[in-house]
Amino acid sequence: MPAQHEYDLIIVGSGAAGLAAAVTYVENQPEPRARIALLERSSRKDRGGATRWTGAFLRIQENRKLDPDYPDLLSRVSGGRSDTAYVRKLVEEVPATLKFIEDRGVKLMFPQLPLPHSFDSGRASLIPPGMPMGGGKSIVEALSAVLERYRSVDFLYGTEAVRLTSTEDGQVNGVVVRGSDGLQHTLSGRAVLLACGGFEGNPEMLSRYIGPNACDLPLLAPGLANNRGDGIRMAMDIGADTAGQFDMIHAEPTDVRSDQPDAVLYGYPTGIFVNERCERFFDEGSDTWDNTFEKVGYEIWRNQNQKAYWIADAHTLAIPGIENLFLSNLAPEQADTLQELATKLGLDPEKLDKSVAQFNAAVAEGTFDPTVRDGKKTVGLVPPKSNWASPLDEGPYIGFPLTAKICFTYGGLRTDLDGRVVTASSIPIPGLYAAGEITGLYYHEYPPATSVLRSLTFGRLAAQHALASVR
């Protein structure tokens with residue numbers, strides 16, 4: 001532990017939210033520079049929390065603006081429970097957030113994707129979405145490099161937050177921490193920002209909130225193991241309110257063969273899913289991939305014994321760039337016949353052949369067009385396929401064995417538009433802020449590509465308010 005124990009701002013977590021807050025605070029503090037402690041449970045090489053491991057799709061186009069339909073979309077899928085004011089603030093601030101990271105060395109790119117998404121006001125669009133070159137890791141390294149230029153910033157790696165401290169009248173004024181030596185120390189601060197993620201790395205909390213067997217969910221990336229729910233627990237201990245659906249998770253369908261983080265299958269709408277009994281269980285064409293991949297992941301975990309298989313044929317292989325939506329580092333299994341593919345995937349060849357034959361027989365007339373919602377569907381099949389239904393009848397055949405991996409939990413702390421943690425009566429707790437996935441927002445469904453954006457945005461806003469309060 002450093003000799004310095006008194007800080008202007010103590011930040012728990014060094015992902016997108018914590019780093020954006022630290023940079024905002026230190027850069028806007030006149031000399032002498034503010035002293036900041038940045039606590040990180042991991043080592044330096046693994047710093048950055050979930051942000052480090054994500055590809056970080058951003059729900060923007062080249063105009064650097066967030067999809068304007070997002071507040072209404074989130075309200076619809078949440079049944080009206082989402083914090084609309086919070087989401088509208090996010091939309092308003094995204095251009096400044098993107099400028100913030102670009103000015104500090106993060107380069108954005110806009111790759112062309114082969115299948116449509118709905119990031120453009122809900123339309124099935126091929127407009128390239130944004131993402132940082134190098135994924136979330138580039139954000140972590142760029143912002144960390146800024147902070148490492150300041151001697152007033154202490155990176156405290158291998159350090160756990162144990163509990164918050166406060167004055168007799170309720171002003172949060174520090175954090176009790178435990179270092180790698182196992183000893184506890186108290187860090188004093190004018191303000192504390194919690195930015196340490198959800199509880200996907202805590203088997204006890206997963207079992208308590210998500211349900212039986214949730215503790216068996218594999219993690220989408222290794223850094224998620226450090227998201228233990230500590231910030232949620234510490235804040236609730238002093239009266240913080242919560243938001244978001246605590247019994248829901250964001251899970252994604254991933255290649256079970258791969259040990260690479262974020263080995264997600266996005267390019268599935270033109271094929272079919274089957275379970276270990278070779279039975280279809282999902283309408284692969286019910287919507288664009290961005291609106292269904294979370295539902296697929298959740299279904300695989302909740303109802304399909306964590307085993308699923310995606311099957312496609314030459315029609316999918318012929319789509320230019322389709323491999324860009326296969327994020328695994330391993331190519332799909334491939335075979336000249338369906339029976340051979342079944343053997344490679346560990347499925348019963350006769351059962352798979354029967355299921356595919358039933359699917360092929362149900363495909364209605366129409367023109368297959370993977371670039372739009374083409375309306376080419378099945379008839380009389382349960383579950384149906386509502387778009388992109390093309391017979392699987394032309395080799396080579398390809399397939400991925402899949403499982404569901406948890407990316408983040410929905411439940412967290414409730415904050416106001418300045419990132420202040422509030423009580424059930426909406427009263428801000430003095431000196432306490434939170435930003436990123438530790439703050440609850442989602443109910444029932446996560447419309448994607450905004451997690452990194454909201455972490456960066458409300459990390460900035462929380463730091464701005466904390467700095468103004470000190471002044």
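Attention in this report is confined to the structure presented alongside it. Here the structure is a predicted model, which means the values were calculated and not measured.

The rules we used
Residues numbered from 1 in each chain as written. Predicted model: local features only at pLDDT ≥ 70, side-chain atom pairs only at ≥ 80, totals over all residues. Heavy atoms only, no water. Helix = DSSP H or I, 4+ residues; strand = E, 2+ residues; numbered from the N terminus. Rg over C-alpha atoms; globule rule 2.2 N^0.38 Å. Buried < 20%, exposed > 50% of the residue type's maximum accessible area, 1.4 Å probe, protein only. Contact = heavy atoms within 4.5 Å. Areas by Shrake-Rupley, 256 points an atom, 1.4 Å probe, with all protein chains shown as cover. Arc of directions from axis to C-beta. Polar contact = N/O pair within 3.5 Å; in protein donor to acceptor, adjacent residues only side chain to side chain. Salt bridge = Lys/Arg side-chain N within 4 Å of Asp/Glu carboxyl O. Pairing = 2+ DSSP bridges. Core = buried A, V, L, I, M, F, W, Y, C linked by side-chain atoms within 4.5 Å. Phe/Tyr/Trp six-rings, centres within 6.5 Å; stacked < 30°, edge-to-face > 60°. Lys NZ or Arg CZ within 6 Å of the ring centre and 35° of its normal. 1 Å grid on protein atoms, 1.4 Å probe; cavity = no way out; pocket = protein on both sides within 12 Å on 5 of 7 lines; lining within 4 Å. Points joined across faces, edges and corners; volume = space filled by probe spheres on them. Nonpolar A, V, L, I, M, F, W, Y, C, P; charged D, E, K, R; others polar.

Of the regular secondary structure elements, the protein chain holds 11 helices and 19 strands. For 471 residues, the compact-globule formula gives about 23 Å, and the C-alpha radius of gyration of the protein chain, at 23 Å, lands near that figure. Along the longest, intermediate and shortest principal axes, the C-alpha atoms of the protein chain span 70 × 45 × 40 Å. Within the protein chain, the proportion of its 471 residues that are buried is 60%. Nonlocal contacts in the protein chain, meaning residues at least 24 apart in sequence, comprise 74% of its contacts between residues at least 6 apart. Within the structure as shown, the protein chain displays about 17900 Å² of accessible surface, and the carbon and sulfur contribution to it stands at 48%.

Residues of helix 2 (residues 70-77) that are buried: Y70, P71, L73, L74 and V77. Burial along helix 2 is one-sided: seen end-on, the buried residues are contained in an arc of 165°. Contacts made by the buried residues of helix 2 are with helix 3 (84-102). G79, located one to two residues past helix 2, shows a positive phi value of around 65°.

Relative to the assigned elements, D67 resides in the loop between strand 2 (36-40) and helix 2. On the basis of relative accessible area, D67 is assigned to the buried category, the value being 0%. Separated by 3.1 Å, the side chains of D67 and R59 make a polar contact. Aside from chain neighbours lying at most four places away, what touches D67 is R59, S118, F119, D120, S121 and G122.

Considering all chains together, one arrives at 31 salt bridges under this definition. Of the charged contacts in the structure, one is a salt bridge between D67 and R59, with a shortest N-O distance of 3.1 Å. Neither D67 nor R59 differs from the other in exposure class; each is buried. For R88, the salt bridge is made with D72, and the minimal N-O distance between the two is 3.4 Å. With R88 in helix 3 and D72 in helix 2, this residue pair connects regions lying 16 residues apart in the sequence. On the basis of relative accessibility, which here comes to 44%, the residue R88 falls in the partly exposed class. Among the charged side chains, a network of salt bridges with common partners joins R41, E160, R178, D230 and R233.

The buried fraction of strand 2 is high, at five of five residues. Here strand 2 shows no split at all, with I36, L38 and E40 on one side and A37 and L39 on the other all buried. Bridge count between strand 1 (residues 6-12) and strand 2: four bridges; the pairing is parallel. What sits directly across from L9, in strand 2, is I36.

Soluble, globular proteins show a tendency: their nonpolar side chains are buried together. Judged by nonpolar contacts, the single largest core of 129 residues is most densely connected at L39, L147, L194, F273, W310, L413 and L432. Discounting residues that sit within four places of it in the chain, L432 has contacts with L164, V172, V192, L194, A235, I238, G419, R420 and V421. In this structure, A335, L345, L381 and Y397 belong to the second largest nonpolar core, which totals 20 residues.

Turning our attention to the packing of aromatic side chains. The way to describe two aromatic rings as a pair is by their centre distance and the angle between their planes. If you walk through the whole model with that rule in mind, you get 23 aromatic pairs. Summarising the aromatic geometry, the rings of F273 and F282 are spaced 6.4 Å apart at their centres and angled 80° between planes, so their arrangement reads as edge-to-face. F282 gets classed as buried once you look at its relative accessible area, which sits at 12%. Taken together, the aromatic side chains of F57, F119, Y266, W289 and F293 make up a single cluster linked through ring pairs. The side chain of R47 reaches across the aromatic face of F155, ending 5.9 Å from its centre.

Under the definition given, this model contains one cavity of 30 Å³ or more. The calculated volume of the largest cavity comes to roughly 30 Å³. The residue inventory of the lining of the largest cavity, partitioned by class, reads six nonpolar, two polar and no charged.

Geometry only, nothing functional implied.
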